[in-house]
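One-letter residues, chain by chain:
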Amino acid sequence: MSTDTSIRPAASPEAGRARAGAGVLTGLWRASGKSTGVLAGLLLLVVYLSITQPIFMTWGNITNIVAGNSVVLVLAVGATFVIISGGLDLSTASAAAVTGMSYGMLLQHGMSAWVAVAGALAVGLLLGVVNGVLISYVKISFLVVTLGTLSIFESAALVMSQGKTINVFSLEGFQPVYNLVNGKAAGIPYLLVFDVLLVVAAALVLRYTTFGRGVYALGSNREAARLNGIHVARTTLSVFLIAGLAAAVASLIQVGRLTGAGPGIDSTLLLTVVAAVLIGGTAYTGGDGGVGGTVLGVLFLGVIQNGLTLSDVSTFWRGTVNGVVLIVAVALGVARDRGWLRFNRTTTPASS
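Only a predicted model underlies this, so the values are computations on that prediction, with no experimental measurement involved.

Reading the values: the criteria
Residues numbered from 1 in each chain as written. Predicted model: local features only at pLDDT ≥ 70, side-chain atom pairs only at ≥ 80, totals over all residues. Heavy atoms only, no water. Helix = DSSP H or I, 4+ residues; strand = E, 2+ residues; numbered from the N terminus. Buried < 20%, exposed > 50% of the residue type's maximum accessible area, 1.4 Å probe, protein only. Contact = heavy atoms within 4.5 Å. pLDDT = per-residue confidence, 0-100. Patch = residues over 30% accessible without salt bridge, like charges linked within 9 Å, V, L, I, M, F, W, Y side chains within 5 Å. Areas by Shrake-Rupley, 256 points an atom, 1.4 Å probe, with all protein chains shown as cover. Salt bridge = Lys/Arg side-chain N within 4 Å of Asp/Glu carboxyl O. Expected span 1.5 Å × (residues − 1). Axes fitted to C-alpha atoms, helices over the stretch in contact; angles between N-to-C directions. Parallel < 35°, antiparallel > 145°, perpendicular 65-115°, else oblique. Left-handed = near helix turned anticlockwise from the far one by under 90°. Nonpolar A, V, L, I, M, F, W, Y, C, P; charged D, E, K, R; others polar. Phe/Tyr/Trp six-rings, centres within 6.5 Å; stacked < 30°, edge-to-face > 60°.

Asks: How do you make sense of unusual backbone geometry when you look at a structure like this?
Replies: Trans is the common state for peptide bonds, and a negative phi is the common state for residues other than glycine. Despite not being glycine, Lys-139 shows a phi value in the positive range, around 70 degrees. Along the chain, Lys-139 turns up in the loop between helix H5 (113-136) and helix H6 (142-160). According to the relative accessible area criterion, Lys-139 is exposed, its value standing at 64%. Of note in the backbone geometry, Thr-259 takes a positive phi value of approximately 55 degrees without being a glycine.

Asks: Would you mind showing me how to read the environment of Lys-164 here?
Replies: When you line up the elements, Lys-164 lands in the loop between H6 and strand S1 (166-167). Taking C-alpha positions, Lys-164 is 7.0 Å from Pro-263, a pair spaced 99 residues apart along the chain. Setting aside residues up to four positions removed in sequence, Lys-164 forms contacts with Met-101, Ala-261 and Pro-263.

Asks: What should I look at first to understand the side chain of Thr-236 in this one?
Replies: Note that Thr-236 resides in helix H11 (residues 232-258). Judged by its relative accessible area of 2%, Thr-236 is buried.

Asks: How should I be thinking about the confidence of the model for the protein in this particular structure?
Replies: For any part of a model where pLDDT is low, the fine detail of the predicted coordinates should not be relied upon. This prediction gives the protein a mean pLDDT of 85; 86% of its residues lie at or above 70. Per-element confidence in the protein is highest for H5, whose mean pLDDT is 96, and lowest for helix H1 (residues 13-31), whose mean pLDDT is 53. Counting interchain partners and residues more than four positions distant, the pLDDT-below-50 stretch residues 1-8 has zero contacts. Here residues 347-352 is a poorly scored stretch, pLDDT under 50, and it has zero contacts once near neighbours within four places are set aside; other chains count.

Asks: Sorry if this is basic, but what is going on with a nonpolar patch on the surface here?
Replies: On the surface, a nonpolar cluster with roughly 620 Å² of combined accessible area is contributed by Leu-126, Val-129, Val-130, Val-133, Tyr-137, Val-138, Ile-140 and Val-144. Top contributing element to the nonpolar patch by residue count: H5, with four residues. Tracing the sequence through the fold places Tyr-137 in the loop between H5 and H6. With relative accessibility at 45%, the residue Tyr-137 sits in the partly exposed group.

Asks: When you look at H11 in this model, what are you seeing that I'm missing?
Replies: The α-helix advances 3.6 residues per turn, and as a result positions three or four apart in sequence lie on the same side. In this model, H11 (27 residues) spans 39 Å end to end at C-alpha, consistent with the 39 Å of a helix rising 1.5 Å per residue. For H11, a buried count of 19 out of 27 residues is recorded, marking the element as mostly surrounded by other parts of the structure. Thr-259 sits one or two positions beyond H11 and adopts a positive phi of about 55 degrees.

Asks: I would appreciate a short explanation of the packing of helix H12 (residues 269-279) against helix H13 (residues 291-310) in the present structure.
Replies: Working note: a packed helix pair is described by the angle between its axes plus the distance between those axes. One way to put it is that H12 packs onto H13 with a least axis distance of 7 Å and a crossing angle of 125 degrees. Relative to H13, the element H12 lies oblique. Seen from above, H12 lies across H13 with right-handed handedness. Of the residues in H13, those in contact with Thr-272, Ala-275, Ala-276, Val-277 and Ile-279 of H12 are Gly-293, Thr-294, Gly-297, Val-298, Phe-300 and Leu-301. Here the contact of H12 with H13 is composed, by residue class, of seven nonpolar, four polar and no charged.

Asks: What exactly am I supposed to notice about the packing of helix H3 (residues 59-84) against H12 here?
Replies: Interhelical geometry of H3 versus H12 gives an angle of 60 degrees and a closest axis separation of 9 Å. Relative to H12, the element H3 lies oblique. With respect to the hand of their crossing, H3 and H12 are arranged in right-handed fashion. Together, Val-72, Leu-75, Ala-76, Ala-79, Thr-80 and Ile-83 of H3 and Leu-269, Thr-272, Val-273, Val-277 and Leu-278 of H12 make up the contact between the two elements. Classifying every residue of the contact of H3 with H12 gives nine nonpolar, two polar and no charged.

Asks: Please clarify how the pattern of salt bridges should be interpreted in this entry.
Replies: When the charged atoms of two side chains with opposite charge come close together, those side chains can pair. All chains considered together, the criterion is met by one salt bridge. With a shortest N-O distance of 2.5 Å, Glu-223 and Arg-226 are connected by a salt bridge. Placement of both Glu-223 and Arg-226 in helix H10 (residues 222-227) is noted, with a separation of three residues, approximately one turn of the helix. Overall, the relative accessible area of 42% leaves Glu-223 in the partly exposed class. Since its relative accessible area comes to 45%, Arg-226 is described here as partly exposed.

Asks: Help me out: how do you make sense of the packing of aromatic side chains in this one?
Replies: Describing an aromatic ring pair means giving the distance of the ring centres and the angle of the ring planes. In total, this model carries three aromatic pairs according to the counting rule given. Ring centres of Phe-81 and Phe-211 lie 6.5 Å apart, and the angle between their planes is 20 degrees; on these two criteria the pair is classed as stacked. With Phe-81 in helix H3 and Phe-211 in helix H9 (residues 210-220), the pair connects residues that are 130 residues apart, well separated along the chain. Judged by its relative accessible area of 4%, Phe-81 is buried.

Okay, structure coming up:
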C-alpha cells in the first residue's frame with residue numbers, strides 16, 4: 001500500500017472564495033429544479049418588457065395574455081400527462097379542431113348549450129379512446145398512431161363542414177360558453193379562475209393519487225411499473241383519454257373567443273404546446289416533470305409572443321422563436337443531467 005506524503009501548496013484566499021461562489025451557484029442550480037431556466041428567463045423578460053413597453057404591466061394586457069394562451073395551457077396540461085408517461089400525442093391540435101366543429105354543428109342543429117358542450121366533450125373522449133386503444137392494446141407506436149390520427153382528424157374537421165366556418169355567435173346555446181370565456185367578475189376573468197382550478201386539479205391528480213404515481217412510473221420504466229402491479233395498458237389509455245378531453249375543453253375556449261367553429265388549425269399550435277411542456281422541465285423521455293413547470297412554459301412563450309406584438313415585430317418570427325427556445329431548453333436539460341453544467345469544476349494537480 002502506498003502513501004502519498006507529498007505536501008501540496010495551500011490554496012490562495014482568492015481561489016478559495018472563487019470555489020465557494022461556484023459551489024453556491026451549483027447548489028442553487030441543483031436545488032431549484034428543472035424549471036430554473038424558464039423561471040429566470042421569464043423574470044428577465046418581464047423586467048425588460050416592463051421597462052421598454054409601458055403597456056405591458058397593465059391589467060388589460062395581462063388579461064389579454066391569459067385569454068390568448070388559455071387554449072395552449074389546456075392542451076399543454078393534457079400533453080403533460082402523456083409526456084410524463086413516456087408518450088407523445090401529435091394529434092392534439094387536430095382533435096381540438098374536430099371537437100370544435102362538433103360543438104358548432106350541434107349548436108347549428110338547435111341543441112341546447114349543455115347538450116352541445118357534452119357532445120363536444122364526448123367526441124374528445126372518443127378521439128382519446130381511439131389513440132389510447134391503438135397504442136396500449138393493439139401495441140402500435142404512439143408516434144405512428146398519433147401521426148396517423150393527426151392527418152385523419154384534420155381531414156375530418158374539413159369534411160364536417162366542407163371547409164367552412166360555423167358562425168355560432170347568434171345561436172342561443174352559445175351564450176353560456178361565450179360568457180364563461182369572455183366574462184369577468186370584479187375585473188377578474190372567469191377564464192383565469194378556470195385556468196387556475198384546472199392546473200390545481202391536474203397537479204393534485206399527478207402528485208397525490210395512485211393514478212398519478214402510475215403515470216410517473218410508466219414513464220420511468222414500463223417493465224418495472226408492470227412488476228409493481230401497475231396496469232400499463234389501462235394507465236396508457238387513461239392519459240390519452242385526458243389528452244382527448246383537454247382537446248375538447250380547449251376547443252370550447254377557442255370557439256368562445258372566436259365566436260365561430262373553424263376547421264383550420266394553427267400550424268404552430270402543436271409545436272407551442274409541446275414546447276411549453278418541455279421548456280417547463282418535463283423530461284421528453286418521461287418519468288419526470290409536472291404541471292407547475294408547464295404553466296411556466298406557457299407563460300414564458302406567451303410573454304415572448306406578447307412582447308413581439310408590443311414591439312411591432314412580425315408574427316412570422318413566432319415559430320422561429322418557439323423552436324429556438326425549445327432546443328435551448330432541452331439542451332440545457334441534457335447538459336444538466338450529464339453534469340456538464342458544474343460551476344465548481346476543478347482540475348487535479350498532476351502528481352510529480
